[in-house]
Amino acid sequence: MNSMEYYCAMVLTGEEKAFKEAATAAVTAAEKEKADFPKSRFYTFERKLKNRSRGWFEAPLFPGYVFFEVEALTTEFFEVLKSTKGFCRILYDNKNPVKICGESLEELKLFIKNGEHWGISRVLFVPGQKIKAVSGPLVGLEGNIVAVNRKKKQITVQSTLTQDGKRFDLLYEDVDEVEK
């Protein structure tokens, strides 16, 4: 398999899962029709949240965005993507799609590795040192943690995947010692 390219598609907010399913089905159908159609995979990420009215629930980590990897962003692939219900555009725009690369790509690959449904991270607070995530979706994001709310047990993480450095909150639980 060729080296994969990574992109982000803007979709209708609240339709991330539906778009992912529809795009996967459309691409699979196109692959059956044309042997050299590029292979691809789509990703959405959800985090676990809790509030008083709803209790525990999952919510999109990046509302309105679906990430995807593709062997090559061909005209045929782009046409299938554009015709999928809920598609708005490829970032930054359809005429100039931008590959995710560098630090942003490393972050995206970490997200993919940790799965699309994020539970709660276990973190260690060491006096005089940075917070350290020892398990869960935050492992490897130590440098991107920008705030800690111990009362709500939330960590604010700044992502490099968006141009504006989108911040999002994730739940955590304390641990007493680093597991070996």
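Computed from a predicted structure; not experimentally measured.

The rules behind the values
- Residues numbered from 1 in each chain as written.
- Predicted model: local features only at pLDDT ≥ 70, side-chain atom pairs only at ≥ 80, totals over all residues.
- Heavy atoms only, no water.
- Helix = DSSP H or I, 4+ residues; strand = E, 2+ residues; numbered from the N terminus.
- Buried < 20%, exposed > 50% of the residue type's maximum accessible area, 1.4 Å probe, protein only.
- Contact = heavy atoms within 4.5 Å.
- Core = buried A, V, L, I, M, F, W, Y, C linked by side-chain atoms within 4.5 Å.
- 1 Å grid on protein atoms, 1.4 Å probe; cavity = no way out; pocket = protein on both sides within 12 Å on 5 of 7 lines; lining within 4 Å.
- Points joined across faces, edges and corners; volume = space filled by probe spheres on them.
- Nonpolar A, V, L, I, M, F, W, Y, C, P; charged D, E, K, R; others polar.
- Pairing = 2+ DSSP bridges.
- Axes fitted to C-alpha atoms, helices over the stretch in contact; angles between N-to-C directions.
- Parallel < 35°, antiparallel > 145°, perpendicular 65-115°, else oblique.
- Left-handed = near helix turned anticlockwise from the far one by under 90°.
- Arc of directions from axis to C-beta.

A. Molecular detail of the overall build of the protein. What the protein contains, in helices and strands, is three helices and 14 strands. Relative to its full complement of 180 residues, the protein shows a buried share of 41%. Within the protein, contacts between residues separated by at least 24 positions form 61% of all contacts whose residues are at least 6 apart in sequence.

B. Looking closely at the nonpolar core. Ranked by internal contacts, the top residues of the largest apolar core, which has 22 residues, are F45, L61, F62, F67, I100, F111 and F168. Of all elements in the fold, only β1 (5–11), α3 (102–114), β13 (154–158) and β14 (167–174) reach the threshold of two or more residues within this core. Listed in part, the 18 residues of the second largest apolar core include Y7, A9, F42 and I90.

C. Here's a closer look at the environment of V70. Mapped onto the elements, V70 comes out in strand β5 (residues 65–70). With 28 residues separating them along the chain, V70 and F42 place their C-alpha atoms 8.8 Å apart. If sequence neighbours within four positions are ignored, V70 has contacts with M4, E5, Y7, P38, K39, S40 and F77.

D. Geometry of empty space enclosed by the protein. Within the structure shown, the criterion is met by one cavity of 30 Å³ or more. As a volume, the largest cavity reaches approximately 50 Å³. The wall of the largest cavity is formed by E16, K17, T44, F45, E46, P60, L61, F62 and Y65. Class assignment of the residues belonging to the lining of the largest cavity gives a composition of five nonpolar, one polar and three charged.

E. How the structure looks around the sheet that holds strand β4 (residues 55–60). The three strands are arranged β4-β3-β9 in an open sheet whose pairing can be described as mixed. Of all the strands in the sheet, just β4 and β9 (117–118) have a single pairing partner and so form its edges. By the bridge criterion, two bridges tie strand β3 (residues 46–51) to β9 in an arrangement that is parallel. Bridge pairing links R47 to W118 in β9.

F. Expanded view of the sheet that holds strand β2 (residues 40–43). Within the open sheet, the four strands sit side by side as β2-β5-β1-β6. Their pairing is antiparallel. Each having just a single partner strand, β2 and β6 (87–90) make up the two edges of the open sheet. Between one strand axis and the next, the sheet turns by 30 degrees as a mean value, whatever way the strands run. Bridge analysis of β1 against β5 gives six bridges, and the strand direction is antiparallel. Bridging from a neighbouring strand, Y7 pairs with F68 of β5. On the sheet, helix α1 (residues 16–33) packs against β1, β2, β5 and β6 and is oriented at approximately 175 degrees with respect to β2.

G. View of the packing of α1 against helix α2 (residues 75–82). Contact geometry of α1 with α2 gives a least axis separation of 9 Å together with a crossing angle of 140 degrees. Between α1 and α2, the angle falls in the class oblique. Where α1 crosses over α2, the two elements pack in a sense that is right-handed. The segment α1 lies against α2, with F19, A23, A26, V27 and A30 engaging F77, V80 and L81. Considering only residue class, the contact of α1 with α2 consists of eight nonpolar, no polar and no charged.

H. Focus on α2. Listed as buried for α2 are F77, F78, V80 and L81. Burial along α2 is one-sided: seen end-on, the buried residues are contained in an arc of 160 degrees. Looking at the buried side of α2, the elements it contacts are α1, β2, β5 and β6.

No statement about biological role is implied by the geometric values presented.
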